[in-house]
Amino acid sequence: MAKTVPALLLAAAAGLAAAAPSAAQETECVTLRGVNGYQVIDDRHLVLTGGASRYYLVTTRSRCSGMSFGAQIGVSFADNVRLCPPMVEYVIPDDGWRCAIDTVVEVDSMEAAEQRAAEQNAAREAEG
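Scope of this entry: the structure provided in the associated data block.

Rules used in this analysis
The residue numbers shown here count from 1 along each chain, following its written sequence. Per-residue local features are limited, in this predicted model, to residues with pLDDT of at least 70; the limit for side-chain atom pairs, both in listing and counting, is 80 or more; totals at the level of whole chains, interfaces and linings are taken over all residues. Where side-chain values are given, they derive from all heavy atoms of the structure, hydrogens and water being excluded. Helix and strand definitions follow DSSP, with helices as H or I runs of at least four residues and strands as E runs of at least two, each counted in order from the N terminus. A simple rule labels every residue: compare its accessible area, found with a 1.4 Å probe on the protein chains alone, to the largest value its type can have, and call it buried under 20%, exposed over 50%, or partly exposed in between. Lys and Arg are tallied as positive, Asp and Glu as negative. Neither His nor the chain termini are counted. Definition used for salt bridges: Asp or Glu carboxyl oxygen within 4 Å of a side-chain nitrogen of Lys or Arg. We call two residues contacting when some pair of their heavy atoms lies within 4.5 Å. By disulfide we mean two sulfur atoms from cysteines, separated by a distance within 2.5 Å.

**Concerning the side chain of Glu-89**
Phase 1 of the analysis: Mapped onto the elements, Glu-89 comes out in the loop between β7 (81-83) and β8 (90-92).
Phase 2 of the analysis: Of the side chains with opposite charge, Arg-61 comes closest to the buried, unpaired Glu-89, at an N-O distance of 7.1 Å.
Phase 3 of the analysis: Aside from chain neighbours lying at most four places away, what touches Glu-89 is Ser-76, Phe-77, Leu-83, Ala-100 and Ile-101.

Put into C-alpha cells, the structure is as follows:
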C-alpha cells in the first residue's frame with residue numbers, strides 16, 4: 001500500500017543543490033513531478049509516486065535499516081525537482097538517520113521498480 005508523504009524535508013545544502021550538472025551528468029538527470037506518495041520495497045529501495053502514473057525508484061548508497069514497510073519517510077528535496085548526479089540528497093526514515101541516495105530512476109510501473117530492485121540486489125550479492 002502506498003503512503004502519502006506528510007511533509008518533504010528540505011535539507012540539502014543550498015550551495016550543493018544549486019550546482020549545475022555537467023553535460024555527461026545531464027543525461028542521468030531525472031525530473032520528479034508531483035511526488036505525493038511512496039512505497040518501500042526493501043532496506044535499500046523505495047518508490048516515490050507522482051500522481052497515478054509516475055514512479056521513481058530511489059536506491060540508497062547503503063542499507064537503510066529504518067526504512068521499513070509502514071514507516072514515515074521524508075526526503076531532502078521538494079515534490080517537483082530535477083535531480084542530477086552526484087546526488088547530495090537523502091531519505092530520512094522514522095528513526096531520524098539520514099540515508100544517502102545513490103540513484104533515482106523513473107520507471108514505468110511499480111512492478112518495473114520491484115524487478116529493477118531485485119536485479120540490483122542480485123548483482124550486489126554476486127559481488128560478495
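**Looking at the state of the cysteines**
Phase 1 of the analysis: Tallied over the entire structure, the rule returns two disulfides.
Phase 2 of the analysis: Sulfur-sulfur distance for the disulfide between Cys-29 and Cys-84 comes to 2.0 Å. Sign of the S-S torsion, about 115° for the bond between Cys-29 and Cys-84, identifies this disulfide as right-handed. With Cys-29 in the loop between α2 (23-26) and β2 (30-32) and Cys-84 in the loop between β7 and β8, this residue pair connects regions lying 55 residues apart in the sequence. For the residue pair Cys-29 and Cys-84, the accessibility class agrees, reading buried in each case.
Phase 3 of the analysis: Each disulfide pairs two cysteine sulfurs, and for Cys-64 the partner residue is Cys-99, the sulfurs being separated by 1.9 Å. The sign of the S-S torsion, about 75°, decides the handedness of the disulfide formed by Cys-64 and Cys-99: right-handed. Residue Cys-64 is located in the loop between β5 (54-60) and β6 (74-75), and its partner Cys-99 is located in strand β9 (residues 99-107); the two are separated by 35 residues in the primary sequence.
Phase 4 of the analysis: Classification of Cys-64 as buried rests on a relative accessible area of 1%.
Phase 5 of the analysis: We classify Cys-99 as buried; its relative accessible area is 10%.
Phase 6 of the analysis: Take the cysteines of the chain that form disulfides and number them in order along the sequence; they join up as 1-3, 2-4.

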